[in-house]
Amino acid sequence: MIKLKIGARTFKTALAILLALIIAPMVGLGESASMATTAVIFSMMPSVQETFRTTSNRIIANMIGGIIAFLIFNFLGDNNVMIALASAILIAILHQIKLDDAIGLATLTVINVMLSPGTNIVETAFLRVTATLLGVIIAFFVNTFILPPKYDIRFYDKTIHVTDESMKYVRAMLRKNAQYPIMRDDLTTIRKELTTLKIYYSYMMDPVYKRFISSRYYSLLRFLAVSRQSIKTNEVLYTLAATLHRSENTLNHLPNELRILMRERLETLMTAHEQILLKWNGRVLPEEVNFIAHQADLRRSFMKAFYVEASSDDAMRYEFSKGNDLLTMMTIIFQYDKELQHLNKLTNSFVKYKRDDEIVKEFDL
């Protein structure tokens, strides 16, 4: 059985269409209700700031389109060639003033005006443009105030998924279980999901988004600090997975002692990473994650083992490729360690400020 999932954006689009169909006749735009609903569909954006920006852009673009439709019809006529000319002029103007995101709806308005001018082109243009603006405004208010997007929740969910996927492939590489071509495609997917994380982060950084959640403004700022470091940490983890994948031959021929040492250190770091994420949403207390610090003697042994292997006779052959691979792996592991330490520190600070009922409600995912 196929299950249909009605998400928040789908629901809001349907609600905005319904409101457009109800409101348009109430304000004397019944015959132009289709333009209002079309504007709603074009104007539903994934973020509050995009909604705010595109609303103003579409208002300006549709007013320009109405003026062009009036001038072309009044002075040159309304045949097919003139409609195409009016569309081309509008597109060129909007592109020149950098309103490309409003071209589709504004061009549709021009075509609609010139195809059905009726007896009064001024009245027709006014009604069509007004109906379009009504749809844009309805979409803005619905998208902004009805079920506003919670990008902090989406960010945390995506972070958990990206981290789990990256760790899965690091563990597979360390145990020689990875299938090279399959993992290559999966790493590409993880790279795209990291890009999605950055998009969610940019949405949370939008001044408009911050304004609409002013009741927890400072909480969001602390969340953003942790989020920024979490992205950086996950990028290093992804780089580690990609490096192990790229250096699979070198990794698979390491001495058993070095492989065990490397696996144990990375397991410790990845377990710490998992615990930090649990601490971030309040499921683990700050003082519980206290095992990621690497003792000086163990750190020294770890570095020495890598340098010894990297400077071995075997590593010096074939243009030093093995030695370079080993040094690269060691550098990324230490970088991962460093980023985790900083992430742990920021998360401790975040959790200490959020030890109340709000943290449970907001991140009980």
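Note that the coordinates shown come from a computational prediction; the quantities given were computed from them, not determined experimentally.

Considering the overall build of the protein chain
Of regular secondary structure, the protein chain possesses 15 helices and 0 strands. Counting every position in the protein chain, which comprises 365 residues, the buried fraction comes to 47%. Considering only contacts in the protein chain between residues 6 or more positions apart, those separated by 24 or more positions represent 78%. Accessible surface computed for the protein chain: about 18800 Å², of which carbon and sulfur atoms make up 60%.

A word on helix α4 (residues 80-96)
Spanning 17 residues, α4 covers 24 Å between terminal C-alpha atoms, matching the ideal 24 Å at 1.5 Å per step. Every buried residue belonging to α4 is among Met82, Ile83, Ala86, Ser87, Leu90 and Leu94, and all of these are buried. One side of α4 carries all its buried residues, which in axial view fall inside an arc of 140 degrees. For α4, the exposed residues set more than 90 degrees away from the buried face come down to Val81, His95 and Gln96. In the segment just after α4, Lys98 is the residue with positive phi, at about 60 degrees.

A look at helix α6 (residues 121-145)
Relative to the 36 Å expected for 25 residues at 1.5 Å per residue, α6 spans 36 Å between its end C-alpha atoms, a close match to the ideal helical length. In the segment just after α6, Leu147 is the residue with positive phi, at about 45 degrees.

Details of the nonpolar core
Ranked by internal contacts, the top residues of the largest apolar core, which has 53 residues, are Phe155, Val170, Leu244, Met262, Leu266, Phe306 and Tyr336. Counting residues per element, the ones that place at least two in this core are α7 (151-174), α8 (180-205), α10 (217-246), α12 (256-280), α13 (296-310) and α14 (321-353). Per-element tally for this core: the top contributor is α10, with 12 residues. Discounting chain neighbours no more than four positions away, the residues touching Tyr336 are Met167, Thr233, Val236, Leu237, Leu266, Leu269, Met270 and His273. Judged by nonpolar contacts, the second largest core, of 18 residues, contains Ile68, Leu94, Ile103 and Ala106.

Details of the pattern of salt bridges
As enumerated under the stated definition, the model contains 7 salt bridges in all. Of the charged contacts, one joins Arg191 and Glu235 as a salt bridge, the two residues approaching to 3.6 Å between their closest N and O atoms. Placement of the pair is Arg191 in helix α8 and Glu235 in helix α10, with a sequence separation of 44 residues. Using a relative accessible area of 31% as the deciding quantity, one classes Arg191 as partly exposed. Judged by relative accessible area, Glu235 falls into the partly exposed class, the value being 23%.

Some words on the side chain of Glu267
One can find Glu267 in helix α12. Sequence-distant contacts of Glu267, that is, excluding residues within four places in its chain, are made with Arg171 and Arg175.

Concerning unusual backbone geometry
Although it is not a glycine, Lys98 sits at a positive phi angle of roughly 60 degrees. Among the residues examined, Lys98 registers a relative accessible area of 70% and is labelled exposed.

Brief notes about the environment of Lys352
Along the chain, the position of Lys352 falls in helix α14. In this structure, the C-alpha to C-alpha distance between Lys352 and Gly282, residues 70 residues apart in sequence, is 9.8 Å.

Here is what the cut-offs are and how they apply
Residues numbered from 1 in each chain as written. Predicted model: local features only at pLDDT ≥ 70, side-chain atom pairs only at ≥ 80, totals over all residues. Heavy atoms only, no water. Helix = DSSP H or I, 4+ residues; strand = E, 2+ residues; numbered from the N terminus. Buried < 20%, exposed > 50% of the residue type's maximum accessible area, 1.4 Å probe, protein only. Contact = heavy atoms within 4.5 Å. Areas by Shrake-Rupley, 256 points an atom, 1.4 Å probe, with all protein chains shown as cover. Expected span 1.5 Å × (residues − 1). Arc of directions from axis to C-beta. Core = buried A, V, L, I, M, F, W, Y, C linked by side-chain atoms within 4.5 Å. Salt bridge = Lys/Arg side-chain N within 4 Å of Asp/Glu carboxyl O.

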